[in-house]
Amino acid sequence: MVDTALSLHSARAAYLRAEESRELRFREAQEPGYLLRSTREIVSQGKIDGRAVCLDQIVDVGRLLFEHEYGFADGLGRDDASKRPDPFRRVHQGELGGPETNSCTSCHWRGGPAGAGAVQDNSLIMGDGINTDSADARNPPPLQGSGVVQALAQEMSAELQEQLAAGLAAARKQGKAQRIELHAKGIGFGSLRISAKGAVDSSELKGVDADLIIKPFGWRGQFATLRDFVATSTQVHLGMQSEDLLRIKSAAQLGGGPSEDPD
């Protein structure tokens, strides 16, 4: 009886999701760019910070954005994408990126929604824009549970920062140099040397930058949050620039398209 109830619930949820997708396709056909405009109003950062939207709404919008097939009205491609016969570039040209796809799910699908990618989904990055053997092949990683990974990384960063603060306080109080062995969640990150005047020597750190912020995302571990990771990924793989990238640096400095192509 329980299995039957669960099956009916799953079937109903699948039906409602299919109807929602169908309606969105109609709206997109009538008003290109409708999804991005509407979701921006529903879950603006201000509303999220003010707790004016619930978690279910945020998750639902996130799913829609992840499954959406982006077009020129959304900002897909570079500034000249709509003028080119083929806006996609299978092999990336240096740090410029593709774009090589128009949706997140086209590459992240193995093992379920937001999963990994198959061999044919590899991104061919840092190439000459033409030849596959000029590029570095990167397989799309699974994204399930990334929120938990970020939360864990933030906790570890906080622990390391507390140890640094304790070392600085000890150096001031005792008037002599300190050496701190850094650990977080049972993992060692080398050590810090703090002079009696509070100067910090980070040359003996291991697995973490001098800012003591754990960065679990990206192939080289360069992103501390999913927001930063997604902002760069959408630029490289979809040719879409976020306000965050334009606000922090010019898009060219972050290896993306020209700064006059904001989305």
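This is a predicted model, so every value here is computed, not measured.

Q: Any chance you could explain the overall build of the protein chain here in plain terms?
A: Scanning the protein chain from terminus to terminus reveals seven helices and six strands. Walking the protein chain from its N terminus toward its C terminus, one meets helices and strands in the order α-α-α-α-β-β-β-α-β-β-β-α-α. By its C-alpha atoms, the protein chain is 70 × 60 × 35 Å across when sized along the principal axes. Counting all 263 residues of the protein chain, 34% fall into the buried class. Partitioning the contacts of the protein chain with sequence separation of at least 6, the portion at a separation of at least 24 is 47%. Of the roughly 15900 Å² of accessible surface on the protein chain, 56% is carried by carbon and sulfur atoms. Treating the 30 positive side-chain charges of the protein chain as one cloud and the 36 negative ones as another, the clouds have centres 6 Å apart.

Q: How should the pairing of strand β4 (residues 178-184) be read in this particular structure?
A: Look at any regular strand and the pattern is simple: side chains alternate between the two faces of the sheet. Here β4 shows a buried face lined by Q178, I180, L182 and A184 and an unburied face lined by R179, E181 and H183. Alignment of β4 against strand β5 (residues 187-194), held across six bridges, turns out to be antiparallel. Bridging across to β5, A184 finds its partner in I187. What sits between the antiparallel neighbours β4 and β5 is a turn of two residues, in which K185 has the positive phi angle 55°.

Q: For this particular structure, what's the right way to read the environment of R172?
A: On the secondary structure map, R172 appears in helix α5 (residues 146-174). Considered as a pair, R172 and L65 are 107 residues apart in the sequence and their alpha carbons are 50 Å apart.

Q: Would you mind going over the sheet that holds strand β3 (residues 136-138) with me for this structure?
A: Strand pairing in a sheet relies on backbone hydrogen bonds, with the paired strands running either antiparallel or parallel. Spatial ordering of the open sheet is given by β1-β2-β3, a layout of three strands whose pairing is mixed. For this open sheet the edge positions go to β1 (91-93) and β3, each flanked by a neighbour on one side alone. On average, each strand axis in the sheet is tilted by 30° relative to the strand beside it, whichever way the strands run. Pairing between strand β2 (residues 123-127) and β3: three bridges, direction antiparallel. Across the sheet, S123 pairs through a bridge with R138, a residue of β3.

Q: Looking at this structure, I do not really get the side chain of T232. What am I missing?
A: Within the secondary structure, T232 sits in helix α6 (residues 226-238). When neighbours within four sequence positions are excluded, T232 is seen to be in contact with F223 and L245.

Q: Please explain the packing of aromatic side chains as it appears in this structure.
A: What characterises a pair of aromatic rings is the spacing of the ring centres plus the angle enclosed by the ring planes. Applying the stated rule across the entire model yields two aromatic pairs. Through a chain of ring-to-ring contacts, three or more aromatic side chains come together here, namely F217, F223 and F229.

Q: How do you make sense of the sheet that holds strand β6 (residues 200-201) when you look at a structure like this?
A: Across the sheet, which stays open at both edges, the three strands sit in the order β4-β5-β6 with antiparallel pairing between neighbours. Pairing within the sheet leaves two strands with one partner each, and these edge strands are β4 and β6. Packing against the sheet, α5 makes contact with β4, β5 and β6, and its axis sits at approximately 165° to β4.

Q: Help me understand the confidence of the model for the protein chain, please; the structure alone is not making it clear to me.
A: Caution applies to low-pLDDT regions: their predicted coordinates should not be interpreted in detail. Averaged over every residue, the pLDDT of the protein chain is 87; residues scoring 70 or more account for 90%. Predicted confidence is poor over residues 254-258, with pLDDT under 50, and the contacts of this stretch with residues over four places away or in other chains come to 20 contacts.

Q: Just to check I follow, could you spell out unusual backbone geometry for this structure?
A: Keep in mind that most residues, glycine aside, have a negative phi and that most peptide bonds are trans. Cis geometry is adopted by the peptide bond preceding P99, which originates at G98 and carries an omega value of 0°. Take P99: it is sitting in the loop between β1 and β2. Located in the positive-phi region is R51, a residue other than glycine, with phi close to 55°. Tracing the sequence through the fold places R51 in the loop between α3 (45-49) and α4 (55-67). We classify R51 as exposed; its relative accessible area is 77%. Of note, the phi angle at L212 is positive, near 60°, even though the residue is not glycine.

Q: Please explain the environment of V208 as it appears in this structure.
A: As for its placement among the helices and strands, V208 is situated in the loop between β6 and α6. Among the residues examined, V208 registers a relative accessible area of 12% and is labelled buried. Contact partners of V208, with chain neighbours within four places excluded, come to L160, F189, I213 and I214.

Q: Where do I start with the state of the cysteines in this structure?
A: Each disulfide is one covalent bond, formed between the sulfur atoms of two cysteines. Counting across every chain of the model gives zero disulfides. No disulfide involves C107; its sulfur sits 8.7 Å from the nearest other cysteine sulfur, which is in C104. Here C107 falls in the buried class, since its relative accessible area comes to 14%.

Q: Looking at this structure, I do not really get the nonpolar core. What am I missing?
A: Ranked by size, the top nonpolar core spans 15 residues in total, and within it L160, L182, F189, V208, L212 and I214 carry the most contacts. Contributions of two or more residues to this core are made by α5, β4 and β5. Among the elements that take part in this core, α5 stands out by supplying five residues, more than any other. For F189, the residues in contact, after removing those within four places along its chain, are M156, L160, L182, A184, E204, L205, K206, G207, V208 and I214. Ranked by size, the runner-up nonpolar core spans six residues in total, among them F66, L143, F223 and F229.

Reading the values: the criteria
Residues numbered from 1 in each chain as written. Predicted model: local features only at pLDDT ≥ 70, side-chain atom pairs only at ≥ 80, totals over all residues. Heavy atoms only, no water. Helix = DSSP H or I, 4+ residues; strand = E, 2+ residues; numbered from the N terminus. Buried < 20%, exposed > 50% of the residue type's maximum accessible area, 1.4 Å probe, protein only. Contact = heavy atoms within 4.5 Å. Areas by Shrake-Rupley, 256 points an atom, 1.4 Å probe, with all protein chains shown as cover. Lys, Arg positive; Asp, Glu negative; His and termini not counted. Charge placed at Lys NZ, Arg CZ, Asp CG, Glu CD. Pairing = 2+ DSSP bridges. Axes fitted to C-alpha atoms, helices over the stretch in contact; angles between N-to-C directions. Phe/Tyr/Trp six-rings, centres within 6.5 Å; stacked < 30°, edge-to-face > 60°. pLDDT = per-residue confidence, 0-100. Disulfide = S-S within 2.5 Å. Core = buried A, V, L, I, M, F, W, Y, C linked by side-chain atoms within 4.5 Å.

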